[in-house]
Amino acid sequence: MAILESRNERGIYMLALSLCIIFVLIGMFLRSAQDAEKVAADVGFEALAFRFNETVQQLHVEWQLAGRPNFLTLTNMRGRVEGIKQAKVAINSKGWPQPQAFNQQGCLQLWLDILLTEPKSINQAISVRYISDNESHLAVCRFAMPNKTGFSYFINTGEVKYSNE
């Protein structure tokens, strides 16, 4: 009888040990999957920041070539299913795209006009803020993901600065 109890106890210990190992492995897998999702979101958002900057620079060149108008029309071919998207983008006196309203809603509209897409990256909502300092004539649209990775668009200079705060 003692041998049977010993075998049963060993079997229970082995089962418990196996379950612990399985749970540790599952935890490691889930953490790895979360890390991969975060990296994918960061890379996707960085690509949006690059595209935003590239479009700003293209609009600046187009503004110079077009005789420095107050507005430019941005057209983006998105394929047959989505069709053609257009936006009329306001341009400041220095040739940089600017929001039509200097507030959070204006920055959101600027995002929509320049990227022609909703502000999100890999299923993560992007927050939009307008930052202003009248003394230094600073006007910035800040776009950031929940983890604080983001970029700032300096309206007066056309600079796009990516940061991982």
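Residues numbered from 1 in each chain as written. Predicted model: local features only at pLDDT ≥ 70, side-chain atom pairs only at ≥ 80, totals over all residues. Heavy atoms only, no water.

A. Here's a closer look at the side chain of S152. Checked against the element boundaries, S152 lands in strand 7 (residues 149–154). At 3.3 Å, the side chain of S152 and the side chain of R142 are in polar contact. Those residues in contact with S152 that sit more than four places away from it in its chain are V140, C141, R142, E159, V160 and K161. (Helix = DSSP H or I, 4+ residues; strand = E, 2+ residues; numbered from the N terminus. Polar contact = N/O pair within 3.5 Å; in protein donor to acceptor, adjacent residues only side chain to side chain. Contact = heavy atoms within 4.5 Å.)

B. Fine view of helix 2 (residues 104–115). For helix 2, spanning 12 residues, the distance from its first C-alpha to its last is 17 Å, which sits close to the expected 16 Å at 1.5 Å a residue. Among the residues of helix 2, G106, C107, L110, W111, D113, I114 and L115 are the ones counted as buried. For helix 2, the capping residue at the N-terminal end is N103, with a side-chain oxygen 3.1 Å from the backbone nitrogen of Q105. A positive phi of about 55° marks L116, the residue just after helix 2. (Expected span 1.5 Å × (residues − 1). Buried < 20%, exposed > 50% of the residue type's maximum accessible area, 1.4 Å probe, protein only.)

C. Quick look at the packing of aromatic side chains. As enumerated under the stated definition, the model contains 10 aromatic pairs in all. Measuring from ring centre to ring centre gives 5.1 Å for F52 and F151, while their planes differ by 55°; the resulting arrangement is tilted. One end of the pair, F52, is in helix 1 (residues 2–65); the other, F151, is in strand 7, with 99 residues separating them in the sequence. Under the relative-accessibility criterion, F52 is labelled buried at 0%. Seen from their ring centres, W111 and F143 are 5.1 Å apart, and the 55° between their planes marks the pair as tilted. Of the two residues, W111 sits in helix 2 while F143 sits in strand 6 (residues 138–144), which places them 32 residues apart along the sequence. Among the residues examined, W111 registers a relative accessible area of 0% and is labelled buried. (Phe/Tyr/Trp six-rings, centres within 6.5 Å; stacked < 30°, edge-to-face > 60°.)

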